[in-house]
Amino acid sequence: MQHSLTGCEKPWGRAARSQIVKLASIKPNEIAVIRNGTMIPVGNMLARHGALPRNFSMLDVIADYDRLGAQLNSVVSDEKGMPADPKLLKPPVENPSKIWAAAGNYKRGTEGLGEARGRGNAAQTSPQELLENIFLKPPSSIAGPEDNILIPKNADSIFPELELCVVIGRKTRHLSKAQAFDAIFGYTIMLDVTARGYGLSKNLSGTRNVRKGFETFSPIGPWITTKDEIPNPDNLWMKLWVNGELKQSAKTDAMINDIATLVSFLSEVTTFYPGDLITTGNPDSPEFQEKLKPGDVLRAEIEGIGAMSLGVAKEP
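Caption draft 1: Structural detail: the layout of surface pockets. There is about 570 Å³ of room inside the largest pocket. Lining of the largest pocket is provided by 29 residues; of these, Ala-103, Gly-104, Arg-108, Arg-208 and Pro-286 occupy positions nearest its centre. A breakdown of the residues in the lining of the largest pocket according to their chemical character gives eight nonpolar, 11 polar and 10 charged.

Structure representation (structure tokens):
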């Protein structure tokens, strides 16, 4: 089904996109296609041919993907690549203009991991009110695969919240739900980390931006899976392990406000830009989450995207 965007925006060129499914940012400054367990560097090659600026980033690739898609496919078909090494990965998007984060967006009402609805009391807030509870996280809170989540010096009740993260593909605004997916470039994983016990305020909703805004509190990765590879993002398994023990497990079909609803609502609030991130909510209420301590090792996985590992350390 084809949708149209507002103004002069054009839908994605699906033929050009059909072969590229995962794009990673790798150190020190390169873009790679991930395919069959290999990394195929493409950014510097495209820059040498004038297809990308010299100091390119993933934002440039996303913004110009309609034109770059065919060239990327051509490069990939000619290159063998190198083994995919998680330690070479950077955050797939390092400097988005904004990170929107949904709150309380799962149906919950269960206590077991196997029911996949999210654990804790069922939401008493209406879907519209939940939309109005969406908050912003600073781009400076982004970290990448294999990085450490840093426990701040003056906060020690740190909890990870596993979430599916939407990556916006183009500048646009005022989207209907039917148009929402044409604004999406792809999907990645985010942990919405929070310092739950931080500060004196008892207004937990009002202080979300602060408690969730510390450095390294938005680890994302391992890469972006383009949207054509995930035809139904509202029905994916999400799993989080801490020190090898499964701590969160749910499906995105338990979201109260689905992806199209979130994108459409936020497009009425603000202009989207390529690389903007929308993280779609954590399934479990606080009492079912795991408090982190230095030395912990986390593994986050979402069906169709992949998995990434993170450490935990005390801020120097």
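Caption draft 2: Molecular detail of the pairing of strand β13 (residues 218-226). Here β13 lies mainly inside the structure; nine of its nine residues are buried. As defined by bridge partners, strand β1 (residues 22-26) adjoins β13 across two bridges and the pair is classed as antiparallel. Note that in β13 the partner of Lys-22 across the bridge is Thr-225. Bridge count between strand β7 (residues 142-143) and β13: two bridges; the pairing is parallel. Following the sheet pairing, Ile-142 is matched in β13 by Ser-218. Bridge count for strand β11 (residues 184-191) against β13 is four bridges, and the pairing is antiparallel.

Caption draft 3: Representation of the sheet that holds strand β14 (residues 237-242) in the model. The strand order across the open sheet built from five strands is β8-β18-β17-β14-β15, with neighbouring strands paired in mixed fashion. Across the chains shown, the open sheet's two edge strands, defined by having one partner strand only, are β8 (148-151) and β15 (245-251). The average angle at which neighbouring strand axes cross in this sheet is 20 degrees, direction not considered. Here β14 runs beside β15; their pairing, made up of six bridges, is antiparallel. Following the sheet pairing, Lys-239 is matched in β15 by Ser-249.

Analysis parameters
Starting afresh in each chain, residues are numbered from 1 along the sequence in its written order. Owing to the predicted nature of the model, reporting of local features is limited to residues with pLDDT of at least 70; listing and counting of side-chain atom pairs is limited to 80 or more, with chain, interface and lining totals taken over all residues. Only hydrogens and water are set aside; all other atoms, that is, all heavy atoms of the structure, feed into the side-chain values. With a 1 Å grid laid over protein atoms only, a set of points is called a cavity when a 1.4 Å probe fits there but cannot get out and a pocket when it is open yet has protein on both sides within 12 Å along at least five of seven lines; lining residues have an atom within 4 Å of a point. Grid points are joined across faces, edges and corners, and a volume is the space filled by probe spheres set on the points. Residues are grouped as follows: Ala, Val, Leu, Ile, Met, Phe, Trp, Tyr, Cys and Pro are nonpolar; Asp, Glu, Lys and Arg are charged; every other residue, Gly included, is polar. To sort residues, take the accessible area from a 1.4 Å probe on protein chains only and compare it with the maximum for the residue type: under 20% means buried, over 50% means exposed, and anything in between is partly exposed. Runs of H or I in DSSP of at least four residues are treated as helices and runs of E of at least two as strands, each being numbered from the N terminus. What makes two strands pair is DSSP finding at least two bridges between them. To define axes, lines are fitted to C-alpha atoms, for helices over the stretch in contact only, and angles between the resulting N-to-C directions are given on a 0 to 180 degree scale.

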